[in-house]
Amino acid sequence: MHEQNEPVSRRRFLQGLAAGTGAVVVASRVHGVASAAEPPPAGHHDHRFVEREGTGEDPPRPRSITVGARSLTRPVWVPPPPIVTRAQWGADESLVRAAPVFAPLVKLIVHHSASPNNPPDPIAIVQQIYYESVITRGYNDFLYNFAIDQNGVIYEGRRARAYGASEVHDCEDGVGNGVVGAHALYWNTGSCGVCLIGDFTSTLPSAAARASLAHLLAWKAGRHGIDPMAADPYTNSLGQVLVAGNICGHRDTFATACPGNLYYPLLPSLRTQVNSYLSRSLVGYRLLTTDGMVTSFGAPGGTAGPFTGAVAVADGPDVNGYYVLTSQADIISVGTAPPLGSLLQLGVQRTAIDLARTFTGRGYWILTTLGEVAGFGDAPFYGDYHASGFTLRPMRIVPTPSGYGYWLLSRTGRMSPYGDAAFFGDLVSAGKVTVATDARATPSGNGYWILTKGGTVNYFGDAVFYGSPFATGTAWPKPAVALIEAYDGRGYSVVSGNGTLLNFGTIPSFGSIGAGRIALDAAPVMA
């Protein structure tokens, strides 16, 4: 295919995303800094935007009273979801009435705002909740720890502290204690309140909102050792020892309809979904070969194809689907993976080289041979070689675990960070002259591994070296073409050109392709 020289139009990308079937579209200002909305006039008393009953600041808790125990003591790593910060949604920090108070997290409480559903400007509703929390009701700050709109966008609620440039706004004090909100009277201390924007008395939250809620709660439950399936005793601010689900609804703590008569009965399924996040692990992988075939190991699908011109493969939202990228920058959706669009469908002629999915599986980035990045679904654009003025030859796009950024790996082994991705070194800065073929981020996002064609695994930041084909000193089938990382970051597999996998660390083995086929790419399958 003829490859045009002019840059891909960003506006055309966005227009195509908005028109694309099944694409998840979020207002662009969510990812930037939003100006504060005009506050309601003085004396305005509108309860349409915040639930009425059972909110308020907790009275001081005697130091001798603890909030409760946790059934699950082993922390489980779940990457944080993207979070729109207070600065981004326009919080006026001068309204905060008191310094934040913190406590160990033991409960996760789900709310609804009882406001109109599907607001055209969700940020305006978040700002209204803030105004009503502080001005109308006289609370110290935002009621909730987090809020989630119908698009699945998560907003930072109550202020906890000043965050570093690369820190996730987690509503915590930096040492593992959660900021105490005003979302559940007498139950605020030691709980994280999450509000779904809308009224779910007779309708359900959107699928995007429910998915973001499950991800957010799994992140919190995992890092704090909270068993989502248990109902541990809790000592409220009145000194009463009560029992409620570790993931519960507001009505479990107070006589209120929140989080809605229709949604509340679905909380057991939410707990199950959160639990599945915490028990998630590497269950297999898929290998793409030069003949356009995709072979699944440890996951459904067997061998499928041939997919003409296939150059990369990426996992879908669940184990029953995946995406295949062609050299024409088209995306083939297989199984349950929903079609989210491609450059070819937008009429943009480019030669594609790599594909990477977002953590949710509801989006992906396409990397072209010109070093341009196009995001589809819930994959935002954070920059690329063209926007940076680089003339590097791209090899891979490597997402950060948070979803706020990615690295671009060049053929010479340079790692270029975008979004919240940080630079921890690379093959060029280390003075190594070689060919890089793949890279993977560590679970924390504070490091990465870079694989070379000769089979050397280089490690940077908090990445741990577990071994490499080159370091074994034994003969092996070169070249090395891909890395597959263990979900917990404690190992990886190196994929050779003939589809043989060499495992290092604690990563399990699920098999390899037969002789005579040449591997191009690999995608881990998590469940």
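Look up: the structure comes first, before these words.
S.K.: Would you mind showing me how to read the sheet that holds strand S23 (residues 436-441) here?
M.R.: Strands pair in a sheet through their backbones, by hydrogen bonds, and they do so in one of two ways: parallel or antiparallel. In space, the three strands of this open sheet follow the order S23-S24-S25, with antiparallel pairing throughout. Every other strand in the sheet has two partners, leaving S23 and strand S25 (457-461) as the edge strands with one partner each. Taking the axes of each pair of neighbouring strands and ignoring which way they run, one obtains an average angle of 20 degrees across the sheet. Pairing of S23 with strand S24 (residues 447-452) involves five bridges; the strand directions are antiparallel. Residue pairing in the sheet places Ala439 in a bridge with Ile450 of S24.

S.K.: What is the right way to look at the environment of Thr351 in this model?
M.R.: Note on placement: Thr351 falls in the loop between strand S16 (331-335) and strand S17 (352-357). By relative accessible area, which is 25% here, Thr351 ends up partly exposed. Considered as a pair, Thr351 and Thr326 are 25 residues apart in the sequence and their alpha carbons are 8.4 Å apart.

S.K.: Any chance you could explain the pattern of salt bridges here in plain terms?
M.R.: Opposite charge on two side chains makes pairing possible when the charged atoms of those side chains draw close. Applying the stated criterion to the full structure yields 19 salt bridges. In this structure, Arg86 engages Asp141 in a salt bridge whose closest nitrogen and oxygen atoms are separated by 3.2 Å. With Arg86 in helix H2 (residues 86-89) and Asp141 in the loop between helix H3 (122-136) and strand S4 (146-148), this pair connects stretches of sequence that are 55 residues apart. Comparing Arg86 with Asp141 shows no difference in burial state: the two are buried. A salt bridge links Glu485 to Arg440; its shortest N-O distance comes to 3.7 Å. Here Glu485, found in strand S26 (residues 480-485), pairs with Arg440, found in strand S23; they are 45 residues apart in sequence, far enough to count as distant. There is no split in this pair, since Glu485 and Arg440 are both buried. One network of salt bridges, in which partners are shared, links Arg161, Glu167, Asp170, Glu172, Lys220 and Arg223.

S.K.: Just checking my understanding: could you explain the nonpolar core for this structure?
M.R.: As a rule of thumb, soluble globular proteins bury nonpolar side chains together. Ranked by size, the top nonpolar core spans 34 residues in total, and within it Val110, Phe146, Leu213, Leu217 and Leu270 carry the most contacts. Every element with two or more residues in this core is listed here: strand S3 (107-112), S4, strand S7 (191-196), helix H4 (207-224) and helix H5 (267-278). Considering each element in turn, this core owes the most residues, eight residues, to H4. Residues within four places of Leu217 in sequence aside, it is in contact with Leu108, Val110, Val194, Ile247, Leu270 and Val274.

S.K.: Would you explain empty space enclosed by the protein in this entry?
M.R.: Taking a probe equal in size to a water molecule and rolling it over the atoms shows the remaining empty space. Applying the stated rule across the entire model yields one cavity of 30 Å³ or more. Computed from the structure, the largest cavity encloses a volume of approximately 680 Å³. Around the largest cavity sit 35 residues that line it, and Arg357, Pro399, Arg440, Glu485 and Pro524 are the ones nearest its centre. Secondary-structure elements contributing two or more residues to the lining of the largest cavity are strand S14 (310-315), S17, strand S20 (394-399), S23 and strand S29 (519-526). At five residues, S29 tops the list of elements feeding residues into the lining of the largest cavity. Here the residues of the lining of the largest cavity are counted per class, giving 21 nonpolar, five polar and nine charged.

S.K.: Just checking my understanding: could you explain the packing of aromatic side chains for this structure?
M.R.: Enumeration over the complete set of coordinates arrives at 21 aromatic pairs. In this structure an aromatic cluster arises from ring pairing among Trp89, Tyr130, Phe142 and Tyr144. Across from the ring centre of Tyr130, 5.2 Å away, lies the NZ or CZ of Arg86, which sits over that ring. Here the guanidinium or amino end of Lys220 rests over the ring plane of Trp219, the centre of that ring lying 4.9 Å away.

S.K.: Can you walk me through the sheet that holds strand S5 (residues 154-156) in this structure?
M.R.: Reading across from one edge, S1-S5-S4-S7-S3-S10 is the order of the six strands in this open sheet, with mixed pairing throughout. Whereas interior strands pair on both sides, the edge strands pair on one side only; in this sheet they are strand S1 (83-84) and strand S10 (247-249). Of the strand pairs in this sheet, S3 and S7 are connected by six bridges, and their pairing is parallel. The partner of Leu108 across the bridge, within S7, is Cys192. On the sheet, H4 packs against S1, S3, S4, S5, S7 and S10 and is oriented at approximately 155 degrees with respect to S4.

S.K.: Where do I start with the pairing of S24 in this structure?
M.R.: On a regular strand, one side chain projects to one face of the sheet and the next to the other, so that they alternate. Of all six residues making up S24, six are buried, and the element is well covered by its neighbours. The side-chain alternation of S24 yields two buried faces, one formed by Gly447, Trp449 and Leu451 and the other by Tyr448, Ile450 and Thr452. Counted along the chain from S23 to the antiparallel partner S24, the turn is five residues long, and its residue Gly445 has a positive phi close to 80 degrees. Relative to S25, S24 runs antiparallel, the two being bridged by five bridges. Within the sheet, the bridge partner assigned to Ile450 lies in S25 and is Asn458. Taken together, S24 and the strand that follows it, S25, pair antiparallel across an intervening segment of four residues, in which Gly455 is found at a positive phi of about 95 degrees.

S.K.: Looking at this structure, I do not really get the packing of H4 against H5. What am I missing?
M.R.: Axis angle and axis distance: for two packed helices, these are the angle between their axes and the distance between the axes, and together they describe the pair. Interhelical geometry of H4 versus H5 gives an angle of 55 degrees and a closest axis separation of 9 Å. With respect to their mutual orientation, H4 and H5 come out oblique. Between H4 and H5 the crossing geometry is right-handed. Mapping the contact onto sequence places Ala211, Leu213, Ala214, His215, Leu217, Ala218, Ala221 and Gly222 in H4 and Leu270, Gln273, Val274, Tyr277 and Leu278 in H5. Among the residues forming the contact of H4 with H5, the class breakdown is 10 nonpolar, three polar and no charged.

Here is what the cut-offs are and how they apply
- Residues numbered from 1 in each chain as written.
- Predicted model: local features only at pLDDT ≥ 70, side-chain atom pairs only at ≥ 80, totals over all residues.
- Heavy atoms only, no water.
- Pairing = 2+ DSSP bridges.
- Helix = DSSP H or I, 4+ residues; strand = E, 2+ residues; numbered from the N terminus.
- Axes fitted to C-alpha atoms, helices over the stretch in contact; angles between N-to-C directions.
- Buried < 20%, exposed > 50% of the residue type's maximum accessible area, 1.4 Å probe, protein only.
- Salt bridge = Lys/Arg side-chain N within 4 Å of Asp/Glu carboxyl O.
- Core = buried A, V, L, I, M, F, W, Y, C linked by side-chain atoms within 4.5 Å.
- Contact = heavy atoms within 4.5 Å.
- 1 Å grid on protein atoms, 1.4 Å probe; cavity = no way out; pocket = protein on both sides within 12 Å on 5 of 7 lines; lining within 4 Å.
- Points joined across faces, edges and corners; volume = space filled by probe spheres on them.
- Nonpolar A, V, L, I, M, F, W, Y, C, P; charged D, E, K, R; others polar.
- Phe/Tyr/Trp six-rings, centres within 6.5 Å; stacked < 30°, edge-to-face > 60°.
- Lys NZ or Arg CZ within 6 Å of the ring centre and 35° of its normal.
- Parallel < 35°, antiparallel > 145°, perpendicular 65-115°, else oblique.
- Left-handed = near helix turned anticlockwise from the far one by under 90°.

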